[in-house]
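# Structure assessment
Single-letter residue listing:
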Amino acid sequence: MAESSKVIHVRNVGHEISENDLLQLFQPFGVITKLVMLRAKNQALLQMQDVSSAVSALQFFTNVQPTIRGRNVYVQFSSHQELTTIEQNIHGREDEPNRILLVTIHHMLYPITVDVLHQVFSPYGFVEKLVTFQKSAGFQALIQYQVQQYAASARTALQGRNIYDGCCQLDIQFSNLEELQVNYNNDRSRDYTNPNLPAEQKGRSSHPGGGYGDVGVAYPQMANTAAIAAAFGGGLPPGITGTNDRCTLLVSNLNADSIDEDKLFNLFSLYGNIVRIKLLRNKPDHALVQMGDGFQAELAVHFLKGAMLFGKRLEVNFSKHPNITPGTDSHDYVNSNLNRFNRNAAKNYRYCCSPTKMIHLSTLPQDVTEEEVVNHVQEHGAIVNTKVFEMNGKKQALVQFENEEEAAETLVCKHATSLGGSIIRISFSQLQTI
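These numbers come from a predicted model, not from an experiment.

## Looking at the overall build of the protein chain
Secondary structure assignment for the protein chain yields twelve helices and 25 strands. Counting the 434 residues in the protein chain, one finds 52% classified as buried. Sequence separation of 24 or more characterises 70% of the internal contacts of the protein chain that already satisfy a separation of 6 or more. Total accessible area computed for the protein chain in this model is approximately 20,200 Å², and 47% of it derives from carbon and sulfur atoms.

## A look at the pattern of salt bridges
Applying the stated criterion across every chain, the model contains twelve salt bridges. The salt bridge partner of Arg-69 is Asp-21, with a shortest N-O separation of 2.7 Å. Note that Arg-69 is positioned in the loop between strand S4 (67-68) and strand S5 (71-72) and Asp-21 in helix H1 (residues 19-26), a separation of 48 residues in sequence. Here the two residues Arg-69 and Asp-21 agree in accessibility, since each one is buried. The shortest N-O distance in the salt bridge between Arg-281 and Glu-261 comes to 3.5 Å. Pair noted here: Arg-281 is in the loop between strand S14 (274-279) and strand S15 (287-291) and Glu-261 is in helix H8 (residues 261-268), with a separation of 20 residues, a long-range link. Classification of Glu-261 as buried rests on a relative accessible area of 8%.

## Concerning the packing of H8 against helix H12 (residues 404-414)
At a minimum axis distance of 7 Å, the contact between H8 and H12 shows a crossing angle of 115°. In this structure, H8 crosses over H12, and the sense of that crossing is right-handed. Taken together, the residues of H12 that come into contact with H8 (itself represented by Lys-263, Asn-266 and Leu-267) are Leu-411, Val-412 and Cys-413. Of the residues belonging to the contact of H8 with H12, the class tally is four nonpolar, one polar and one charged.

## Focus on the sheet that holds strand S19 (residues 331-332)
The strand order S18-S13-S15-S14-S19 describes an open sheet built from five strands, whose pairing is antiparallel. Each end of this open sheet is capped by a strand with a single partner; those strands are strand S18 (315-318) and S19. When strand S13 (residues 248-252) meets S18, the two strands line up antiparallel, connected through four bridges. Along S18, the bridge assignment pairs Leu-249 with Phe-318. Sheet strands in contact with helix H9 (residues 294-304) are S13, S15 and S18, and its direction is about 155° off that of S18.

## Comments concerning the side chain of Ser-78
Mapped onto the secondary structure, Ser-78 falls in the loop between strand S6 (74-77) and helix H3 (85-92). On the basis of relative accessibility, which here comes to 5%, the residue Ser-78 falls in the buried class. A polar atom in the side chain of Ser-78 sits 2.9 Å from the backbone nitrogen of His-80. In contact with Ser-78, other than residues within four places in its own chain, are Glu-3, Ser-5, Val-7, Ile-8, His-9 and Leu-45.

## Details of the packing of aromatic side chains
Evaluated as defined, the whole model comprises eight aromatic pairs. Ring plane angle 50° and centroid distance 5.5 Å describe the contact between Phe-29 and Phe-60, whose orientation is recorded as tilted. Of this pair, Phe-29 sits in the loop between H1 and strand S2 (32-38) while Phe-60 sits in helix H2 (residues 51-63), and the two are 31 residues apart along the sequence. Accessibility classification places Phe-29 together with Phe-60 in one group, the buried group. Ring centres of Phe-29 and Phe-61 lie 5.5 Å apart, and the angle between their planes is 65°; on these two criteria the pair is classed as edge-to-face. Here Phe-61 lies in helix H2 and Phe-29 lies in the loop between H1 and S2, a separation of 32 residues in the sequence. Just as Phe-29 is buried, Phe-61 falls in that class too.

## A few points about the sheet that holds strand S1 (residues 7-11)
Judged by pairing direction, the sheet is antiparallel, and its four strands sit side by side in the order S2-S3-S1-S6 without closing on themselves. For this open sheet the edge positions go to S2 and S6, each flanked by a neighbour on one side alone. Averaged over all pairs of adjacent strands, the angle between their axes in this sheet comes to 20°, without regard to strand direction. Here H1 sits on the sheet in contact with S1, S2, strand S3 (43-48) and S6, set at roughly 135° to S2. Here H2 sits on the sheet in contact with S1, S3 and S6, set at roughly 140° to S6.

## Structural notes on the environment of Val-75
Structurally, Val-75 can be placed in strand S6. We classify Val-75 as buried; its relative accessible area is 18%. Each C-alpha atom of the pair Val-75 and Ala-57 lies 9.1 Å from the other, and the pair is 18 residues apart in sequence.

## Quick look at the pairing of S6
Burial of S6 is one-sided: the residues Val-75 and Phe-77 facing one way are buried, the residues Tyr-74 and Gln-76 facing the other way are not. Sheet topology places S1 next to S6; four bridges connect them, and they run antiparallel. The residue bridging Val-10 from the neighbouring strand is Val-75, located in S6.

## A closer look at helix H11 (residues 370-377)
All of the buried residues in H11 are Val-373, His-376 and Val-377. The buried side chains of H11 occupy one side of the element, clustering within an arc of 80° when seen end-on. Lining the buried residues of H11 we find strand S20 (358-362), strand S21 (383-391), strand S22 (394-401), H12 and strand S23 (418-419).

## Describing the confidence of the model for the protein chain
Counting all residues, the mean pLDDT for the protein chain is 84, and 86% of those residues have values of 70 or more. The model gives residues 86-94 a pLDDT under 50, and that stretch makes 13 contacts with residues more than four places away or in other chains. Taken together, the stretch residues 201-223 has pLDDT below 50 and engages in 34 contacts with residues farther than four places along the chain or on a different chain.

Definitions and cut-offs
Residues numbered from 1 in each chain as written. Predicted model: local features only at pLDDT ≥ 70, side-chain atom pairs only at ≥ 80, totals over all residues. Heavy atoms only, no water. Helix = DSSP H or I, 4+ residues; strand = E, 2+ residues; numbered from the N terminus. Buried < 20%, exposed > 50% of the residue type's maximum accessible area, 1.4 Å probe, protein only. Contact = heavy atoms within 4.5 Å. Areas by Shrake-Rupley, 256 points an atom, 1.4 Å probe, with all protein chains shown as cover. Salt bridge = Lys/Arg side-chain N within 4 Å of Asp/Glu carboxyl O. Axes fitted to C-alpha atoms, helices over the stretch in contact; angles between N-to-C directions. Left-handed = near helix turned anticlockwise from the far one by under 90°. Nonpolar A, V, L, I, M, F, W, Y, C, P; charged D, E, K, R; others polar. Pairing = 2+ DSSP bridges. Polar contact = N/O pair within 3.5 Å; in protein donor to acceptor, adjacent residues only side chain to side chain. Phe/Tyr/Trp six-rings, centres within 6.5 Å; stacked < 30°, edge-to-face > 60°. Arc of directions from axis to C-beta. pLDDT = per-residue confidence, 0-100.

So this is what it looks like as structure tokens:
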């Protein structure tokens, strides 16, 4: 390993990763004084206020694989002891100036149209062409100016800025394209030098509701949709529409001897708030689960269909019932303080995944030991590895099982149980190893 330095070198920084994402990853370890994105190399240099902060960060990340937006990033000490202004300038010019900008929009809580982008970018010079598209990195746009100087001015002025308060953050690089090809003038692409292009009637708007102004009316879930979209790097997981309005799920092939409402709550609450759960007495291996909205229901179907639990492979589908009627045979969770999405919704959406072999335990007692954690969960499966660590002054733990089913059983049985006087929270971790 290189000599200790307060400058940290980060690799595999994809285009979907913003400066803000890196700041959030390293802020728990101390004050960050400088950050340089080396976009052309998919790398970044980050300077902490002192060497001990950088050492703490790297020690932590030797045991916990850092991931941002689902991508593993790799950290080491930089050969620089200090980031000077000269180095910053050199690194900042690594992507060659061009009159076409590639713009990625992070934390997209509102739909962005060609008109919105034109309004933001046209003050810096004549915009000739504008194309928007959805990629794995999220919502992106290519903006072609008349001359390179306009593009450079726009990039300097707008990089890292938000279009709306607190969201829709602009991440701008120079594109390596020489000329944009625009075939249609519509809400996804526009050629301002040729107003006579057709609008292309088939396959209209990529945004639900079509126009910008009516989205809130047509889909009241839009803000929620966007919070999830932002959490998934700007694009929804494959197969999720964001426009489903069915909230109630039919869960079948349950192990009737091992399941109850609270265990189902512990599992399904990973994907949204739970309103009500009802076990069907005439079909003991069936249950109805009513989620907070149709979007959360879609996430639960997407991530839990086919999951193994208590020796059975779960079947999860949308129910024909719009909701579960309150009654003595149903459990009501609408006011439960264990619902995870009442606060930090975007953060919880980011952690949504299918069951994994690794569980993450939080809200642990400050003096908890690895042995106590193991004793609390070991009845549910063979433990491969464990780690107790501190993050933001709070004790947390990772426990790796031999398979996903053992981890899922532990989560449904031990989430919200008491350990050393603390009610613990358990979720699946997307880390591969400890």
